[in-house]
Amino acid sequence: MEQAQESRPLLLLGAGGHAKVLLSLAQALGHEVAGICDPLLARQGAREWRGVRVLGGDEALAALDPASVGLVNGIGQMVGSCLRHRLFVSLVEKGFYFPVLVHPAAWVDATARLGVGVQVMAGAVIQADAVIGANSIINTRAAIDHDCRLGENVHVAPGATLCGNVVVGDQAFIAAGATVIQGISVGAGAVVGAGAVLVRDLGERQTIIGHPVRKRPGPAE
Ligand SMILES: CC(C)(COP(=O)(O)OP(=O)(O)OC[C@H]1O[C@@H](n2cnc3c(N)ncnc32)[C@H](O)[C@@H]1OP(=O)(O)O)[C@@H](O)C(=O)NCCC(=O)NCCS
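In this text the structure is predicted, and so the values were computed from the model without any measurement. Sequence order as written defines the numbering, with residues in each chain counted from 1. In keeping with the predicted nature of the model, local features appear solely for residues at pLDDT of at least 70, side-chain atom pairs appear and are counted solely at 80 or more, and the whole-chain, interface and lining totals rest on all residues.

A few points about the overall build of the chain
We count a stretch as a helix when DSSP gives it H or I for four or more residues in a row; a strand needs E for two or more, and each element gets its number in order from the N terminus. Scanning the chain from N- to C-terminus turns up 3 helices and 23 strands. For a compact globule of 221 residues, the expected C-alpha radius of gyration is about 17 Å, and the chain comes in at 18 Å, within 12% of that figure. Projecting the C-alpha coordinates of the chain onto the three principal axes gives extents of approximately 65 × 35 × 30 Å. To sort residues by burial, count the other C-beta atoms lying within 10 Å of each one's C-beta; a count of 20 or more means buried, 12 or fewer means exposed, and anything in between means partly exposed. C-beta atoms are built from the backbone. Going through the 221 residues of the chain one by one, you find that 38% of them count as buried. Across the chain, contacts joining residues at least 24 apart in sequence account for 26% of those joining residues at least 6 apart. Each radius of gyration is computed over the set of C-alpha atoms, and the globule rule expresses the reference value as 2.2 Å times the number of residues to the power 0.38. Contact between two residues is assigned whenever their backbone-derived C-beta positions fall within 7 Å.

Details of the domain arrangement of the chain
Domain start and stop points were drawn from an automatic or database domain assignment. Split into domains, the chain comes out as domain 1 (10-93) and domain 2 (100-210). Here domain 1 and domain 2 have C-alpha centroids that lie 23 Å from each other. Taken together, the contact pairs 12 residues of domain 1 with 13 residues of domain 2. Residue classes in the side of domain 1 that touches domain 2 are distributed as 9 nonpolar, 3 polar and no charged. Nonpolar residues are Ala, Val, Leu, Ile, Met, Phe, Trp, Tyr, Cys and Pro. Charged residues are Asp, Glu, Lys and Arg, and all others, Gly as well, are polar.

Here we look at the site of the ligand
Any residue qualifies as near a molecule or strand once its backbone-derived C-beta atom lies within 6 Å of it. Taken together, 13 residues are adjacent to the ligand, and A157, A175, A176, G193 and A194 come closest. For the shell around the ligand, the class distribution of residues is 8 nonpolar, 5 polar and no charged.

Examining the sheet that holds strand β8 (residues 113-114)
If you trace the 5 strands from one edge of the open sheet to the other, you get β8-β11-β14-β17-β20, paired in parallel fashion. If you trace the sheet from one side to the other, it starts and ends with β8 and β20 (185-186), each paired once. Note on pairing: DSSP must find at least two bridges between two strands before they are called paired. Here strand β14 (residues 149-150) pairs with strand β17 (residues 167-168) via 2 bridges, running parallel. Among the inter-strand pairings, R149 is bridged to a residue of β17, identified as V167.

Points about helix α1 (residues 17-28)
A helix is expected to reach a length of 1.5 Å times the quantity of its residues less one. Between the first and last C-alpha of α1 there are 17 Å, a value that for 12 residues agrees with the 16 Å anticipated at 1.5 Å per step. Every buried residue belonging to α1 is among H18, A19, L22, L23, L25 and A26, and all of these are buried. For α1, the buried positions fall inside an angular range of 165° around the axis, keeping them on one side. Elements that come into contact with the buried residues of α1 comprise β1 (10-13), β2 (33-37), β4 (52-56), β5 (70-73), β6 (101-102) and β9 (119-120). Once α1 finishes, G30 follows within two positions and takes phi at roughly 85°, a positive value. Comment: arc refers to directions from the helix axis out to C-beta atoms.

Okay, here's the thing in structure tokens:
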């Protein structure tokens, strides 16, 4: 598992709802959040955001030694958006580092492996031998059970559940409250809609919504 580099001050990118939650997470871990970069705040001439100094837009990073700070990707990942991913890739190429952030009220098993920049929010659970790819979000109260393998830039939204041995491709989005049963594969860029229950493999870039219940004979005695 990548370890947060506690010694470096952190800089937050973005000032929306996701950034707000991450600021709280970083502070709960005792990190120093030394500044925020956000083009809108910069244009508004804001000097401070939630007690954190506004450094400017993303261009403010150009003046910094990449080794001197850790970056926190505060850009949320909604369905169809790729800004979070693009920003991460371009800043990693410039030599910046994104520490793993795990909320103190989350549970991550010691055998789970988290890629660089993974963010695990309060109440989330990641079980034994799960693997989470770089820049992924395991959001509030989401559950990733044993042996799941998630690609990069995946968003498991609040309250979603992946049962054991689920495989999820890069950039997939498992929306709030969705459930994916054990052993299922979700293709890259696919979307499992809010509240959906996925019981069959889902192909790349496909979207499913809804979960009508059906009566069927019970299990054999
Ligand atoms: C899958 C999803 C993206 C579909 O959104 P959308 O394409 O904007 O869909 P629309 O709102 O245009 O709705 C289209 C139709 O599908 C239905 N629908 C949309 N999402 C649905 C869902 N999750 N379950 C059941 N029906 C749904 C709508 O009621 C609508 O039906 P209608 O045409 O009969 O009125 C959305 O449901 C979703 O899951 N968003 C992510 C939510 C989330 O996890 N947020 C957390 C952020 S941290």
